[in-house]
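# Tertiary structure, described
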Amino acid sequence: MDPRIVEKLRCPVCGEPLAQAADLRALHCPRRHSFDIARQGYVNLLTGRTPHVGDTAEMVVARADFQAAGHYDLISNALAGAATEAVAQLDTTEGFGAYPLVVDAGAGTGRYLGAVLAALPEAVGLALDVSKPALRRAARAHPRAAAALADTWQRLPLADASTAVLLNVFAPRNGPEFHRVLDPAGSLLVVTPDTDHLTELVGALDLLRVDPDKADRVTGSLGGHFTPVSSAVHRAELALTRSEVATLVGMGPSAWHTDPDALAARLAALPEPVRVTVAVRVDTYQPR
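Attention in this report is confined to the structure presented alongside it. (Residues numbered from 1 in each chain as written. Predicted model: local features only at pLDDT ≥ 70, side-chain atom pairs only at ≥ 80, totals over all residues. Heavy atoms only, no water.)

Below, the discussion takes up the overall build of the protein. Each helix and strand counted, the protein has 10 helices and 11 strands in total. In terms of C-alpha radius of gyration, the protein reaches 19 Å, essentially the compact-globule figure of 19 Å for 288 residues. When the backbone C-alpha atoms are referred to their principal axes, the protein occupies close to 60 × 40 × 30 Å. Counting across all 288 residues of the protein, residues that qualify as buried make up 50%. Taking the contacts inside the protein whose residues are at least 6 apart along the sequence as the reference set, 65% of them involve residues at least 24 apart. Charged side chains of the protein number 27 positive and 32 negative; the gap between the two group centres comes to 5 Å. (Helix = DSSP H or I, 4+ residues; strand = E, 2+ residues; numbered from the N terminus. Rg over C-alpha atoms; globule rule 2.2 N^0.38 Å. Buried < 20%, exposed > 50% of the residue type's maximum accessible area, 1.4 Å probe, protein only. Contact = heavy atoms within 4.5 Å. Lys, Arg positive; Asp, Glu negative; His and termini not counted. Charge placed at Lys NZ, Arg CZ, Asp CG, Glu CD.)

Turning to the pattern of salt bridges, a few remarks are in order. Tallied over the entire structure, the rule returns 12 salt bridges. For the salt bridge of Asp2 with Arg4, the shortest nitrogen-to-oxygen distance reads 2.6 Å. By relative accessible area, which is 18% here, Asp2 ends up buried. What makes Arg4 partly exposed here is its relative accessible area of 24%. One salt bridge in this structure joins Glu237 and Arg275, with 4.0 Å as the shortest N-O distance. (Salt bridge = Lys/Arg side-chain N within 4 Å of Asp/Glu carboxyl O.)

With that settled, consider the packing of aromatic side chains. Inspection of every chain in the model, using the stated rule, returns one aromatic pair. For the pair Phe66 and Tyr72, a centre-to-centre distance of 5.3 Å together with 85 degrees between the ring planes defines the contact as edge-to-face. Tyr72 shares its class with Phe66; the two are buried. Directly above the aromatic system of Tyr99 lies the positively charged group of Arg4, at a separation of 4.2 Å from the ring centroid. (Phe/Tyr/Trp six-rings, centres within 6.5 Å; stacked < 30°, edge-to-face > 60°. Lys NZ or Arg CZ within 6 Å of the ring centre and 35° of its normal.)

Looking now at the sheet that holds strand β8 (residues 163-169). Read from one edge of the open sheet, eight strands run β4-β7-β6-β5-β8-β9-β11-β10, paired in mixed fashion. Every other strand in the sheet has two partners, leaving β4 (43-44) and β10 (226-240) as the edge strands with one partner each. Two strands pair when backbone bridges link them, and β4 and strand β7 (residues 145-149) are joined in this way by two bridges, in the parallel orientation. Residue pairing across strands places Asn44 opposite Leu149, the latter belonging to β7. Against the sheet, helix α8 (residues 214-222) makes contact with β9 (182-193), β10 and β11 (274-287), and its axis sits at roughly 155 degrees relative to β9, the strand it touches most. (Pairing = 2+ DSSP bridges. Axes fitted to C-alpha atoms, helices over the stretch in contact; angles between N-to-C directions.)

Turning next to helix α9 (residues 242-251). By the burial criterion, the buried members of α9 are Val245, Leu248, Val249 and Met251. Packing partners of the buried residues in α9 comprise α2 (57-68), α7 (199-205), β10, α10 (260-268) and β11.

The subject of this paragraph is the environment of Ala145. Note on placement: Ala145 falls in strand β7. On the basis of relative accessibility, which here comes to 13%, the residue Ala145 falls in the buried class. For the pair formed by Ala145 and Leu101, sequence separation is 44 residues and the distance between their alpha carbons is 9.6 Å. Among all residues touching Ala145, those that are not within four sequence positions of it are Ile5, Leu113, Leu117, Gly125 and Ala139.

Moving on: the state of the cysteines. For the structure shown, the criterion picks out zero disulfides. Looking at the unpaired Cys14, the closest cysteine sulfur is the one in Cys11, lying at 3.7 Å. Here Cys29 is not disulfide-linked; the sulfur of Cys14 is the nearest cysteine sulfur, at 3.7 Å. Taking the relative accessible area as the measure of exposure, Cys29 reaches 4% and is therefore buried. (Disulfide = S-S within 2.5 Å.)

Our next topic: the packing of α2 against α9. In the contact formed by α2 and α9, the axes pass within 8 Å of each other and the chain directions differ by 130 degrees. Classified by the angle their axes make, α2 and α9 are oblique. As for how α2 packs across α9, the hand of that crossing is left-handed. Between α2 and α9, the contacting residues are Met59, Ala62, Arg63, Asp65 and Phe66 on the first element and Glu244, Thr247, Leu248, Gly250 and Met251 on the second. Across the contact of α2 with α9, the residue classes tally to five nonpolar, two polar and three charged. (Parallel < 35°, antiparallel > 145°, perpendicular 65-115°, else oblique. Left-handed = near helix turned anticlockwise from the far one by under 90°. Nonpolar A, V, L, I, M, F, W, Y, C, P; charged D, E, K, R; others polar.)

This is the structure we're talking about:
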């Protein structure tokens, strides 16, 4: 694991700094708490039991396939641009050193983190997720990235003010912890679905609807810790096959609530190509 990333990590049990063992198979702290590095490349920094296990292996495969086809590249491009702008405003001689840390909280496959790191040649990155199948991919998302099993609802295994840019894409937001780990000059980039995201599929396939007040709720949940800096909506129209639509449904939250037989019947009724609107909001926040 990249030592530039390890030095930012903290023991999830006692909060002490972590170091990599001589055999490279674990991280440990001065109090002898030890955390194994899986052969797939991620370190398990989860303590205790968590009430959720994140995305299933099937959901992760669906997401990886859909992203690899380039359908969500507008999200990658938007984040890369916003992160580049955020890092350009930092004084890298103080606080961040030569290698600013980008953390993706709820990273999934790590594709968005990889895109941001590709745009920031001096940065290193850490993918955090509670899904082991997702982290197996995130650990290989970029040569300058590492991955850790962690519950973003709990204390994050990072030092105070250690992070230059924190990404949060379609994932839960832990305002107090995000504020703790971000440097006062750092930026939080939050991606959420806009009101017309996948609108053509919502009624046709009986999918979950986007809360029309979601943008206000997100800002409200972060308001005690962050100040909104900018907001932009990015839209594109996709022309998908029925198979690609099935993959899209299978990778998102509707996968937990959709009956497979009913979905197959509804999909069969859709004319090809299926026109689908992608609409996401990218909000930039800075710590108060």
